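Examination of the molecular architecture
Spelled out, the chains give:
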Amino acid sequence: MDFELDETHRMIEKMVYDFALGEVMPVIKTHDRNHTFPEELLPRMAAQGFLGVCLPVRYGGAGMDYISLGIVSEGLEWADSSVRETVAVHLGLHALSIFQWGTEEQKERLLPPLATGEHLACFGLTEPGAGSDVGGMTSSARKEGDHYILSGEKMWITLAHVADRMLVFAKTDPDLGVRGITAFILERDWAGLTTGTIEGKMGVRASNTGWINMDRVPVPETHRLGEEGEGFKIAMSALDNGRYTVAAGAVGLMKCCLEASVKYARERTTFGKPISEYQLVQGMIALMRQRIDLGELLVRKVGWMKNRGIRNTRETSMAKWYCTEAASATANDAVQIHGAYGYSDEYNVERHLRNSKSAVIYEGTSQIHQLMQAGYVLGTREDRALRCELPAYDAERWQAEG
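Note on numbering: residues in each chain are counted from 1, in written sequence order. Only residues with pLDDT of 70 or above have their local features reported here, since the model is predicted, and side-chain atom pairs are shown and tallied only from 80 upward, although totals for entire chains, interfaces and linings are computed over all residues. The basis for every side-chain value is the complete set of non-hydrogen atoms in the structure, without hydrogens or water.

Quick notes on the layout of surface pockets
In the cavity and pocket records, a cavity denotes points on a 1 Å grid over the protein atoms alone where a 1.4 Å probe fits but cannot get out, a pocket denotes an open set with protein on both sides within 12 Å along at least 5 of 7 lines, and lining residues are residues with an atom within 4 Å of a point. Grid points are joined across faces, edges and corners, and a volume is the space filled by probe spheres set on the points. In this structure, the largest pocket encloses a volume near 1400 Å³. Lining the largest pocket we find 50 residues, and of these T126, G131, Y362, E363 and G364 sit closest to its centre. Looking at the lining of the largest pocket, the elements with two or more residues in it are α4 (81-101), β3 (147-158), α6 (231-267), α9 (348-359) and α10 (366-378). The numbering of helices and of strands both runs from the N terminus, where a helix is a DSSP run of H or I of at least 4 residues and a strand a run of E of at least 2. With seven residues, α6 is the single largest residue contributor to the lining of the largest pocket. When residues are grouped by polarity, Ala, Val, Leu, Ile, Met, Phe, Trp, Tyr, Cys and Pro land in nonpolar, Asp, Glu, Lys and Arg in charged, and all others, Gly among them, in polar. Among the residues forming the lining of the largest pocket, the class breakdown is 22 nonpolar, 12 polar and 16 charged. If you add up the space inside the second largest pocket, you get close to 240 Å³. As for the second largest pocket, its lining consists of W78, C256, E259, A260, K263, Y264, E267, H338, E346, Y347, N348 and V349. Looking at the lining of the second largest pocket, the elements with two or more residues in it are α6 and α9. Among the elements that line the lining of the second largest pocket, the one with the most residues is α6, at six residues. For the lining of the second largest pocket, the class distribution of residues is six nonpolar, two polar and four charged.

Set out below in structure tokens:
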């Protein structure tokens, strides 16, 4: 395993950090204060190739590898978690699921508008009474001729009220538990489909979070993803991709907090000297660097495995668990170093602290990941699902035209 980023990765890294600094930073504080979604950034993100960074060129993507997806996620969250979430959900959870599980016809039809930003997409798994317990979902899908009739509600769905397309999950056979779950791709303008926005969030205020209501929505069979009963495997494989972007984004958040803390500690003086000279402040800064180094290693390993088509559910879970907890601790230390100023949104660390809390909850709480890791160690957990790894990256094929 090579720990050094190659020339292409360095180019992408510079591109995304320049974008974060020049495009996101000037507007994100206003959007965060107003709880508004920065729609103006979407065409600019698409123009940079971020919305389809690791999709093959023949499907409208940039043809880059999965490490590049991690770099983009890190750089965007260095500016704000809300912006990274857009890529995580639109690409990581939705588009990559179609790339992995869709028919060739579905990939050719559905992926190009996503990669180019013509369509925005979301992922609907969580319900009002079913979060970590996916098998507890009550959404149902009944086959009628060449259509399915979907009914149910999804809750806490990122981009729900602004997405053009939705990947949702419903039970086609409730008696089979998780083996009776099937995946469907919905279009916004379909009859019986309504969405709304959830107000009053603690963090990620510049990201749209909402609900999806399905009242006997007719879904053509051509919009079923995978086979009947494969929905749980599709959802879990999607989370392997989404959690990877969450972990990588958490590293970016930590880097921003460290940079801000070092700058402030050198400038702020108390009792006649910079606070950077106090050992307790130095201790917090040293821990930030340690967390970043460990997080980068975990994320890079997952990207390396994804590039080779190696199953990475355990490693992705570990990266998500560690990096999000580390980011929350780092943001908390950054606010502490900034003192009273850190409690104000005059400085970015306040926003990062609020944002960091969400990531230890969504896409598997820290407690769920802790249980998963214990299961692997004790031998009580085994990944049996088939096709839960992305296709191995092939630069020649990925970058070839149709």
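Following the structure, the description resumes.
A closer look at unusual backbone geometry
Its identity is not glycine, yet H35 carries a phi of approximately 55 degrees, on the positive side. Secondary-structure assignment places H35 in the loop between α1 (7-34) and α2 (42-47). Overall, H35 belongs to the partly exposed group, its relative accessible area being 34%. Of note, the phi angle at E363 is positive, near 55 degrees, even though the residue is not glycine. Among the structural elements, E363 can be located in the loop between α9 and α10. Exposure classes here rest on a 1.4 Å probe applied to the protein chains alone. A residue is buried below 20% of its type maximum, exposed above 50%, and partly exposed in between. Looking at E363, the relative accessible area reads 15%, which means it is buried.

Focus on helix α8 (residues 313-338)
A turn of α-helix holds 3.6 residues, and therefore any two residues three or four places apart point the same way. Working rule for helices: expected span equals 1.5 Å times residues minus one. In this model, α8 (26 residues) spans 37 Å end to end at C-alpha, consistent with the 38 Å of a helix rising 1.5 Å per residue. Phi turns positive one or two residues past the end of α8, at G339, with a value near 65 degrees.

Concerning the nonpolar core
Within this scheme, the nonpolar core is defined by two criteria: the residues are buried Ala, Val, Leu, Ile, Met, Phe, Trp, Tyr or Cys, and they are joined through side-chain atoms within 4.5 Å. In this structure, L150, F169 and L186 are the most contacted members of the largest nonpolar core, which totals 112 residues. The biggest single contributor to this core is α6, with 16 residues. Here a residue-residue contact requires only that any non-hydrogen atoms of the pair lie within 4.5 Å. Aside from chain neighbours lying at most four places away, what touches L150 is S140, A141, V168, A170, F184, L186, M214, D215, R216, V217 and V219.

A closer look at the packing of aromatic side chains
Any two aromatic rings considered together are summarised by their centre-to-centre distance and by the angle between their planes. Pairs were defined over the aromatic rings of Phe, Tyr and Trp, the Trp ring being its six-membered one, requiring ring centres within 6.5 Å. Orientation was assigned from the angle between planes: stacked under 30 degrees, edge-to-face over 60, tilted for the rest. Scanning all chains against the criterion turns up nine aromatic pairs. Taken together, a centroid distance of 5.6 Å and an interplanar angle of 65 degrees make the contact between Y17 and W78 edge-to-face. Pair noted here: Y17 is in helix α1 and W78 is in helix α3 (residues 66-79), with a separation of 61 residues, a long-range link. When its relative accessible area of 10% is taken as the criterion, W78 is described as buried. Note on Y341 and Y347: the rings are 6.2 Å apart at their centroids and 70 degrees apart in plane angle, and the pair reads as edge-to-face.

Examining the side chain of K201
Tracing the backbone shows K201 in the loop between β6 (193-197) and β7 (209-220). None of His or the chain ends enter the tally, which takes Lys and Arg as positive and Asp and Glu as negative. Counted as salt bridges are all cases of a side-chain nitrogen of Lys or Arg within 4 Å of a carboxyl oxygen of Asp or Glu. Of the side chains with opposite charge, E85 lies nearest to the buried K201, which makes no salt bridge, at 6.0 Å. In the analysis that follows, any N or O atom pair within 3.5 Å is treated as a polar contact, provided that within protein one partner can donate a hydrogen and the other can accept it, and provided that, for residues neighboring in sequence, both atoms belong to side chains. Of the polar contacts made by the side chain of K201, one reaches the backbone oxygen of V204; its length is 2.8 Å. A polar atom in the side chain of K201 sits 2.6 Å from the backbone oxygen of S207. When neighbours within four sequence positions are excluded, K201 is seen to be in contact with H35, S207, N208 and T209.

Notes on the pattern of salt bridges
If you walk through the whole model with that rule in mind, you get 24 salt bridges. Its salt-bridge partner being K143, residue E221 comes within 3.7 Å of it at the nearest N-O pair. Placement of the pair is E221 in the loop between β7 and β8 (224-225) and K143 in strand β2 (residues 140-144), with a sequence separation of 78 residues. Judged by relative accessible area, K143 falls into the partly exposed class, the value being 37%. The shortest N-O distance in the salt bridge between D293 and R289 comes to 2.9 Å. Placement of the pair is D293 and R289 together in helix α7 (residues 279-307), with a separation of four residues, close to one helical turn. With a relative accessible area of 37%, D293 lands in the partly exposed category. Under the relative-accessibility criterion, R289 is labelled partly exposed at 37%.

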